[in-house]
Protein chains: 2
Amino acid sequence: MSGRLYGLGLGPGDPELLTLKAHRLLASCEVVAYPTLEDGESFARSIVSDYLQDWQREIAIRIPMTVERGPAQAAYDRASRELSDCLDSGHQVAVLCEGDPFFYGSFMYLFGRLAARFPTEVVPGVTSLTACAAALGAPLAARNDTLAILPAPLPDEELEERIRAFDAVAIIKPGRHFARVQALLLRMGLQDQARYVERATLATQRILSMQEVAEDGVPYFSMILIHRRGDAWR
Amino acid sequence: MSGRLYGLGLGPGDPELLTLKAHRLLASCEVVAYPTLEDGESFARSIVSDYLQDWQREIAIRIPMTVERGPAQAAYDRASRELSDCLDSGHQVAVLCEGDPFFYGSFMYLFGRLAARFPTEVVPGVTSLTACAAALGAPLAARNDTLAILPAPLPDEELEERIRAFDAVAIIKPGRHFARVQALLLRMGLQDQARYVERATLATQRILSMQEVAEDGVPYFSMILIHRRGDAWR
């Protein structure tokens, strides 16, 4: 009997935002795998570090952050071979996923390589999208609002057109694109409708207006939320 | 000292998809309020019925389902007066919210009436959006995908234009609009890219292709997910 593969959504960062299900499954898996940066730091692991147990085997998946996709794909190939061996031995394998495994998550690369061969379950998690809205104290979308999720690397014209066409917008992955997107939103006159949220639900969480964010680059775990009606909830 | 108001995201339906935080806060609140249909049935309450305790006071908020907004607004006015009395007495009040309180949720109507006067915390929850993607075993969005959330009541032309412009689309609240949206998606040739998910994470969950859904109307808790690339995760 082979083991089961679990993609566990861990939520946005506060360890208490794990679901009861992810918490239970995590405690039962012999193997716990997670992506790490090349320096070895893993945000996903840090979320659940208090829940991990000595007898669990940890597998850190080092993903090179290169523009070309080849090196990352090779890393996922290697990782999926290592996890296959664990699953073939009958071990349960949890893959830790920040937020939700299928909402802009890297779990899909392992899922694509392993789900056809092993019983696989994806456990959805709280996304940073709604965690940021909660942090802001402002509804993300209501009634018949249209809502767009837009990655910041898109070109200005494409961002502008889509922002104009929707009631509510989340701009994700601002990172090194922040200054450009900030300039665009100010040019569009959206300074009162847009808010920047960084590291939602962590002790280091920050909420800033578009004018207040001074940095050229912002952390990966940040987002800009825009709603045309500040009073959507009245 | 007044009590605290909590908007608790309960997730899509499986009671195990509550967060540890919502589970803890729910157990500590003297008052538990939730919206109900006029026949008294409450989906939010059903999710946590096993977690409720005898000493907790329950307040059912009956919301009339009328097209004009007046009667519903009056019901929220009445409910907020009742919850104000509880909070003034120093009681902690949990408002139960299916999914996430700020993702197309009705909690915002109470939030708008009470958050300025009482300490308020919104606890984000797993949305049906990612729960449906997990049920399908297909990533919702990846890398620089654009993702649109579109309520089905929008007119055909508007839906079509937005669907064409995005990599991934979730059509929410199909209900009595299902047959029209189904016809639109088939006309657009999206039968292989679109999937219908009903009551995700519940025992009654169903996943169907667009052609398989025969009903004129479908349950409120259903969604259509579309992704242009079936192979986003390879």
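Residues numbered from 1 in each chain as written. Chains lettered and ligands numbered in written order. Predicted model: local features only at pLDDT ≥ 70, side-chain atom pairs only at ≥ 80, totals over all residues. Heavy atoms only, no water.

- Naming follows an unreviewed UniProt entry, where chain A appears as Precorrin-2 C(20)-methyltransferase of Fodinicurvata halophila.
- Per UniProt, chain A carries the Pathway (unreviewed entry) text "Cofactor biosynthesis; adenosylcobalamin biosynthesis."
- In its Sequence similarities (unreviewed entry) section, the UniProt record describing chain A reads: "Belongs to the precorrin methyltransferase family." (UniProt positions renumbered as here; feature names shortened; annotations may be inferred.)

### Considerations on the pairing of strand β7 (residues 168-172) of chain A
Residues and elements named next belong to chain A.
Step number 1: Counting buried positions along β7 gives five out of five residues, so the element sits mostly inside the fold.
Step number 2: In β7, alternate side chains face the same way, and those of A168, A170 and I172 on one face and V169 and I171 on the other are all buried.
Step number 3: Across five bridges, strand β6 (residues 147-151) lies against β7 in parallel orientation. Following the sheet pairing, L147 is matched in β7 by A168.
Step number 4: In this fold, the crossover linking β6 to β7 by way of helix α6 (residues 156-165) has right-handed handedness.
Step number 5: One ladder, built from five bridges, connects β7 with strand β10 (residues 222-227); its direction is antiparallel. By the bridge assignment, A170 is partnered in β10 with L225. (Buried < 20%, exposed > 50% of the residue type's maximum accessible area, 1.4 Å probe, protein only. Helix = DSSP H or I, 4+ residues; strand = E, 2+ residues; numbered from the N terminus. Pairing = 2+ DSSP bridges. Right-handed = clockwise from strand over helix to strand, strands pointing away.)

### Considerations on the sheet that holds strand β10 (residues 222-227) of chain B
Step number 1: Spatial strand order, β9(A)-β8(A)-β10(A)-β7(A)-β6(A)-β6(B)-β7(B)-β10(B)-β8(B)-β9(B): 10 strands in an open sheet with mixed pairing. With partners counted over all chains shown, the strands left at the sheet margins are β9 (206-209) of chain A together with β9 (206-209) of chain B, one partner each. Each strand axis lies, on average, 20° off the axis of its neighbour in the sheet, ignoring direction.
Step number 2: Helix-sheet contacts for helix α5 (residues 128-136) of chain A involve β6, β7, β8 (194-198), β9 and β10 of chain A, and the interaxial angle to β10 of chain A is about 65°.
Step number 3: Contacts from α6 of chain A reach β6, β7 and β10 of chain A, with the element oriented near 165° to β6 of chain A. (Axes fitted to C-alpha atoms, helices over the stretch in contact; angles between N-to-C directions. Contact = heavy atoms within 4.5 Å.)

### Here's the deal with the UniProt feature "domain: Tetrapyrrole methylase" (unreviewed entry) in chain A
Step number 1: As annotated in UniProt, the feature "domain: Tetrapyrrole methylase" (unreviewed entry) corresponds to residues 4-208 of chain A in the numbering used here.
Step number 2: Between the C-alpha atoms that bound residues 4-208 of chain A the distance is 42 Å, and the span itself is 35% helix and 21% strand.

### Points about the nonpolar core
Note that soluble globular proteins tend to have their nonpolar side chains buried in a common cluster.
Step number 1: V95, L147 and I149 of chain A together with V95, L147 and I149 of chain B are the most contacted members of the largest nonpolar core, which has 88 residues in total.
Step number 2: Beyond its immediate sequence surroundings of up to four residues, L147 of chain A is in contact with L140, A141, F166, A168 and V169 of chain A together with F103, Y104, L147, A148 and I149 of chain B.
Step number 3: Among the nonpolar cores identified, the runner-up in size contains 46 residues, and L150 and L184 of chain A together with I171 and M188 of chain B belong to it. (Core = buried A, V, L, I, M, F, W, Y, C linked by side-chain atoms within 4.5 Å.)

### What about the relation of the copies chain B and chain A?
Step number 1: Between the two copies, chain B and chain A, the superposition gives an RMSD of 0.0 Å; the rotation angle is 180° and the shift along the axis is 0.0 Å. Accordingly, the operation relating the two chain copies is best matched by a two-fold axis. (Least-squares fit on C-alpha atoms with pLDDT ≥ 70 in both.)

### Points about the interface of chain B and chain A
Step number 1: Across the contact, 55 residues belong to chain B and 55 residues belong to chain A.
Step number 2: Together chain B and chain A conceal approximately 4,700 Å² of surface at their shared face, both sides included; 62% is due to carbon and sulfur atoms.
Step number 3: The largest contributions to the chain B side of the interface with chain A come from L20, F102 and R143 of chain B, which together make up 15% of the buried area.
Step number 4: At the boundary of chain B and chain A, one finds two salt bridges.
Step number 5: Linking chain B with chain A are 26 residue pairs in polar contact (both at pLDDT 80 or more).
Step number 6: Among the secondary structure elements, those contributing two or more residues to the side of chain B that touches chain A are α1 (20-28), α4 (107-114), β5 (120-123), α5 (128-136), β6 (147-151) and α6 (156-165) of chain B.
Step number 7: The leading source of residues in the side of chain B that touches chain A is β6 of chain B, at five residues.
Step number 8: The class makeup of the residues in the side of chain B that touches chain A is 34 nonpolar, 10 polar and 11 charged. (Buried area = accessible area lost by both parts, 1.4 Å probe. Salt bridge = Lys/Arg side-chain N within 4 Å of Asp/Glu carboxyl O. Polar contact = N/O pair within 3.5 Å; in protein donor to acceptor, adjacent residues only side chain to side chain. Nonpolar A, V, L, I, M, F, W, Y, C, P; charged D, E, K, R; others polar.)

### Looking at the domain arrangement of chain A
Residues and elements named next belong to chain A.
Step number 1: Here chain A is described as being made up of domain 1 (5-123) and domain 2 (128-227).
Step number 2: Relative placement of domain 1 and domain 2: their C-alpha centres are 27 Å apart.
Step number 3: The partner domain 2 presents 11 residues to the eight residues of domain 1 that form the contact.
Step number 4: Together, P12, F103 and Y104 form the three largest contributors to the area buried by domain 1 at its contact with domain 2, with a combined 61%.
Step number 5: In this assembly, domain 1 and domain 2 are joined by zero salt bridges.
Step number 6: Linking domain 1 with domain 2 are one residue pair in polar contact (both at pLDDT 80 or more), by the criterion used here.
Step number 7: Of the residues that constitute the side of domain 1 that touches domain 2, the class distribution is five nonpolar, one polar and two charged. (Domains from an automatic or database assignment.)

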